[in-house]
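Structural features, examined
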Amino acid sequence: MHDTSGWNWQPGKQDVFNTAKCSEGVQWIEEWHASPDGEKCVCVVNKGDYEFGFCTNGEIGEESFEKIICPEYTPDGKLVACVSADMEWTVAVDGEAWGETYGFVWGILSAGGNVAAAVQQDMRYGMSVNGQAWDPLFDNANNFSMSADGAHCAAVVQTRPLAQADIHTFQAGIFSVAIDGKAWDGGYVNCWTPVFSADGSNVACQVRRNLYDYTIVVDGKPWGQNFQCVWEPAFNPSTGACVAPVRVAGQWGMAQDGNILWDPRYAQLWHEQFSADGANLYAVAAVGFGKFTVVKNNGAWNATFPVVYDLTVSPDGNHAGAICKTEDGRYTHMVDGNVWGGAYDMVWPVVFSADGTKAAARVERNGRQTIAINGKPYSEDFDQAFAPVFSADGSKVLIKGISGGVYYRIVAETASI
């Protein structure tokens, strides 16, 4: 969650700036991005041939780059983007580029005040953290991740060279996981999705041990059991135990540290999440073919849909919500098993208040966007809205949006919506 303690929570609607100001004297503007606190809204502008910059709250900055892609605000309010200059790529943080440059950069991650990105240099791959690349880089790197405190980064890496059509070396295992640039010993046919424990001290990933067997590896040590298939693991933040969905005899269940925790009885089971105290374990599951829902501690919600995704657990751990695709191809939300009224052309993930009693989400219908709070749309809609944020006590919600060429910052009292 965002630290909202220093934000302006005075109720009311603020006309921040006219977005047309960013179009003055430039070739074109690109998509808009709002800061978490809503005080800033930025877009990339093209000033001329091979000259791009940022326009924030109607003011075009002095910085210029040959290209800017993937701009976004970090949870602590930094503006980050992949930028190029002199045909080299790097990351800019609040308009200031890292000193190191690379053949290409992508996949920016941020936490704990640190910023990292995937990099390629001379056809070698890895990560750069705050502008310092791993040494050495690898023949291949993918599935990048960062610990919650931002102190560590991990990626799947290729540790052995592979010639064309060399199936024997491939089957012997050429992939592993590197943490902060140091790879685990040993190799696997495939590795995916390295994840950190809550305190960042442990890493687990799903692996393919041979052509047929899959398991989970924790800190370089495989579970003692193999399975028909596995999905992304997760750590219990309280006990440190590692769980993962596993396939046994054609059905899916949940395993913990290699032993079955939930009996395999689902057609699909994935995207599990623990509550912060480790007491509750949620996951997206299919209770039958094409019948997806959410399960909490192995108990399925009643409503089912053809598709369920973007599961979100509330900060207090007692509530959860997910996006659902309806039979007619529209979208809605399901929170604690209750389906919100109304369906939309597009929806975004649910955001909870600290106590979990209120949920909000960005929604779109007929080309207009707004914020739905506990299923009820806000009274105004926008050309573009941004992710809502609740105040610490949940009594107010921050709504950000652009309408009629004006960027608005609105603090609304949830009791009045």
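Residues numbered from 1 in each chain as written. Predicted model: local features only at pLDDT ≥ 70, side-chain atom pairs only at ≥ 80, totals over all residues. Heavy atoms only, no water.

**A few points about the sheet that holds strand E30 (residues 299–300)**
Formally: Being paired, for any two strands, means DSSP has found at least two bridges between them. Under the scheme used here, helices are H or I runs from DSSP no shorter than 4 residues and strands are E runs no shorter than 2 residues, and both carry numbers assigned from the N terminus.
Here four strands make up an open sheet; going across it, the order is E27-E28-E29-E30 and the pairing antiparallel. Looking at which strands have only one partner, the edges of the open sheet turn out to be strand E27 (268–274) and E30. Here strand E28 (residues 281–288) pairs with strand E29 (residues 291–296) via six bridges, running antiparallel. Paired with Ala283 across the two strands is Val295, which belongs to E29.

**Points about the sheet that holds strand E31 (residues 307–313)**
Taken in spatial order, the four strands of this open sheet run E31-E32-E33-E34, and their pairing is antiparallel. Only two strands of the sheet have a single neighbouring strand rather than two, namely E31 and strand E34 (338–339).

**A look at the side chain of Glu272**
This is how the line gets drawn: Each residue gets one of three labels from its accessible area relative to the maximum for its type: buried under 20%, exposed over 50%, partly exposed in between, using a 1.4 Å probe on protein chains only. Positive charges come from Lys and Arg alone, negative charges from Asp and Glu alone, with His and the N- and C-terminal ends not counted. Each reported salt bridge corresponds to a side-chain nitrogen of Lys or Arg within 4 Å of a carboxyl oxygen of Asp or Glu. Note on contacts: a residue pair is in contact if any heavy atoms of the two residues lie within 4.5 Å.
One can find Glu272 in strand E27. There is no salt bridge for the buried Glu272, and the closest opposite charge comes from Arg247, which lies 15 Å off by N-O distance. When residues no more than four places from it in sequence are discounted, the contact partners of Glu272 are Glu232, Pro233, Ala234, Val243, Ala244, Pro245, Met254, Leu281, Tyr282 and Ala283.

**Section: the nonpolar core**
Worth spelling out the cut-off: Definition of nonpolar core: a set of buried residues of the types Ala, Val, Leu, Ile, Met, Phe, Trp, Tyr and Cys, connected through side-chain atoms within 4.5 Å.
One finds Val91, Trp98, Val105, Ile108, Val115, Trp134 and Val157 to be the most contacted residues of the largest nonpolar core, which totals 26 residues. Contributions of two or more residues to this core are made by strand E7 (79–85), strand E8 (88–93), strand E10 (104–111), strand E11 (114–121), strand E14 (141–146) and strand E15 (153–158).

**So, unusual backbone geometry**
In this chain, Asp135 is followed by Pro136 through a cis amide linkage whose omega measures 10°. Mapped onto the fold, Pro136 is located in the loop between strand E13 (132–133) and E14. The backbone of Asp86 sits at a positive phi, close to 55°, despite the residue not being glycine. For Asp86, the position within the fold is in the loop between E7 and E8. Phi at Met87 takes a positive value of approximately 65°, unusual for a residue other than glycine. When its relative accessible area of 73% is taken as the criterion, Met87 is described as exposed.

**Things to note about the state of the cysteines**
Covalent bonding between the sulfur atoms of two cysteines is what defines a disulfide. Note the cut-off: By convention in this document, the label disulfide applies to cysteine sulfur atom pairs within 2.5 Å.
What the rule picks out here adds up to one disulfide. Residue pairing for Cys22: its cysteine sulfur links by disulfide to Cys55, the two sulfurs lying 2.0 Å apart. In this structure, the disulfide formed by Cys22 and Cys55 twists by about -80° around the S-S bond and is classed as left-handed. Taken together, the residues Cys22 in the loop between strand E1 (12–18) and strand E2 (28–34) and Cys55 in strand E4 (residues 51–56) connect sequence positions 33 residues apart. As far as burial versus exposure is concerned, Cys22 and Cys55 are alike and both buried. No disulfide involves Cys43; its sulfur sits 4.3 Å from the nearest other cysteine sulfur, which is in Cys22. Here Cys82 is not cross-linked by a disulfide; its sulfur's nearest cysteine counterpart is in Cys70, at 5.1 Å.

**Some remarks on the packing of aromatic side chains**
The geometry of two aromatic rings is summed up by the distance between their centres and the angle between their planes. Put simply, the rule is: Between rings of Phe, Tyr and Trp, where Trp is taken as its six-membered ring, a pair exists when centres lie within 6.5 Å; planes separated by under 30 degrees are stacked, by over 60 edge-to-face, and by other angles tilted.
Applying the stated criterion to the full structure yields 14 aromatic pairs. When the centroid spacing of 5.9 Å and the interplanar angle of 45° are considered together, the rings of Phe17 and Tyr407 count as tilted. Placement of Phe17 in strand E1 and of Tyr407 in strand E43 (residues 406–413) is noted, with a sequence separation of 390 residues between them. Taking the relative accessible area as the measure of exposure, Phe17 reaches 4% and is therefore buried. Classification of Tyr407 as buried rests on a relative accessible area of 0%. For the ring pair Phe386 and Tyr407, a centre distance of 6.3 Å and an interplane angle of 75° mean the geometry is edge-to-face. Of the two residues, Phe386 sits in the loop between strand E40 (384–385) and strand E41 (389–390) while Tyr407 sits in strand E43, which places them 21 residues apart along the sequence. Of the two residues examined, Phe386 and Tyr407, each falls in the buried class.

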